[in-house]
Amino acid sequence: MFKHPFPTRWQFYEHGLIWIRQTSRSLRRQFNEYLMGAIKSRGPPAPLFITIFLGANDACLSLSGAMVPLEEYEEHIRHYLNTILDDPATQETKVILISPPPVNVPVPVGEPLLDNPDAAIILRSVASQSRGHRTWESKRTYAKKIVEIGKEYEAQTSRVAVLDLWYALTKSVCRIEGTTQDDAFYHLDIDEMLPGSGMPGAKPFDKGYFTDGLHFGDKVSIPFSFLLSFLPPFQKSLIQRSGI
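Counting restarts for each chain: residues are numbered from 1 in the order of the written sequence. The model is predicted, so local features are restricted to residues of pLDDT at least 70 and side-chain atom pairs to those at 80 or more, both for listing and for counting; the totals for chains, interfaces and linings are taken over all residues. Neither water nor hydrogens contribute to the side-chain values; these are computed over all heavy atoms in the structure.

1. A closer look at the nonpolar core
- To qualify as a nonpolar core, a set must consist of buried Ala, Val, Leu, Ile, Met, Phe, Trp, Tyr and Cys residues joined through side-chain atoms within 4.5 Å. Each residue is placed in one exposure class: buried if its accessible area under a 1.4 Å probe, protein chains only, is under 20% of its type's maximum, exposed if it is over 50%, and partly exposed if it falls in between. Core analysis: the biggest nonpolar cluster contains 25 residues, and Phe-31, Ile-52, Ile-77, Tyr-80, Leu-81, Ile-84 and Leu-97 have the highest contact counts within it.
- Within the residue set of this core, elements represented by two or more residues are α1 (24-42), β3 (49-52), α2 (70-86), β6 (94-98), α4 (131-154) and β7 (160-163).
- Each helix corresponds to a stretch of at least 4 residues labelled H or I by DSSP, and each strand to a stretch of at least 2 residues labelled E; elements are numbered beginning at the N terminus. For this core, the leading source of residues is α2, giving 6 residues.

Okay, here's the thing in structure tokens:
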């Protein structure tokens, strides 16, 4: 196993390269100067795949809006994708885009008041303007952007695939008796009560999904086998190269 001297920012593994604790903006210079440079200096074989899992920090809200504006975020993501796809040193490398996950916003107090129509309107209005719910919405917007970009590249090349982690995690805890999870997601979305949204009537994620509303708990992990199972276009070539 080879690790770059900056383990808190990225890590090389035997079959892939993972970047962590970055925004798409803060990674840009380091990607160009260090990550691609390290791949070239190490020589073949190129990383089996590169996982791009950015957006959780970009979507966080400051006083002026998202930490990295959506248009800039998209530009950075496309830069990383195009560089990996076009550089001779990574011609054999696959790229896996993973959408930023949701957050787990606490449900506001006053749940009994939902039985009062006038009070329910006020509660929903207040909750929708809260920082927690606006952050939840921002994360969803950035997740949708990653999926949009991923689908575009999937249509152009077999070297890119996208995993919608935001949707997968949210859907996994959507439950309405007598319905499928897909139907439950649809109805809860229409009613503005998706899990983790912090809206009145919404359920929080089950214990173990998040440790603090943002960071993953024991119930959330993305092992290599999980990625393979969700990315069928990659399975054959990845298995052949990795010897799994």
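2. A look at the pairing of β7
- By the alternation rule, side chains of β7 split into Val-160 and Val-162 and Ala-161 and Leu-163, which are all buried.
- Two strands are said to pair when DSSP picks up at least two bridges between them. Strand direction decides the pairing type here: β6 and β7, joined by 4 bridges, are parallel. Bridged to Val-95 within β7 is Val-160.

3. Let's talk about helix α6 (residues 181-190)
- Among the residues of α6, those classed as buried are Ala-184, Phe-185 and Leu-188. The buried residues of α6 all sit within an arc of 100° when viewed along its axis, so they share a single face. In α6, those exposed residues whose orientation departs by more than 90 degrees from the buried face are Tyr-186 and Ile-190.
- Should any heavy atoms of two residues lie within 4.5 Å, those residues are counted as being in contact. In this fold, the buried residues of α6 make contact with α4 and α5 (165-172).
- In the segment just after α6, Glu-192 is the residue with positive phi, at about 55°. By definition, the arc is the one covered by directions from the helix axis to the C-beta atoms.

4. Notes on the environment of Thr-93
- Along the chain, Thr-93 turns up in the loop between α2 and β6.
- The spacing of Thr-93 and Phe-49 is 44 residues in sequence and 5.1 Å in space, taken between C-alpha atoms.

5. Thoughts on the pattern of salt bridges
- Here, a salt bridge means any side-chain nitrogen of Lys or Arg that lies within 4 Å of a carboxyl oxygen of Asp or Glu. Applying the stated criterion across every chain, the model contains 10 salt bridges.
- As a salt-bridge pair, Glu-154 and Lys-151 come within 3.7 Å of each other at their nearest N and O atoms. In this pair, Glu-154 and Lys-151 are both assigned in helix α4, 3 residues apart and thus about one turn of the helix distant.
- With a closest N to O distance of 3.5 Å, Lys-171 and Asp-182 form a salt bridge. Of this pair, Lys-171 sits in helix α5 while Asp-182 sits in helix α6, placing them 11 residues apart in sequence.
- Taking the relative accessible area as the measure of exposure, Asp-182 reaches 43% and is therefore partly exposed.
- Residues joined in a network through salt bridges with shared partners are Glu-74, Arg-78, Lys-145, Glu-148 and Glu-152.

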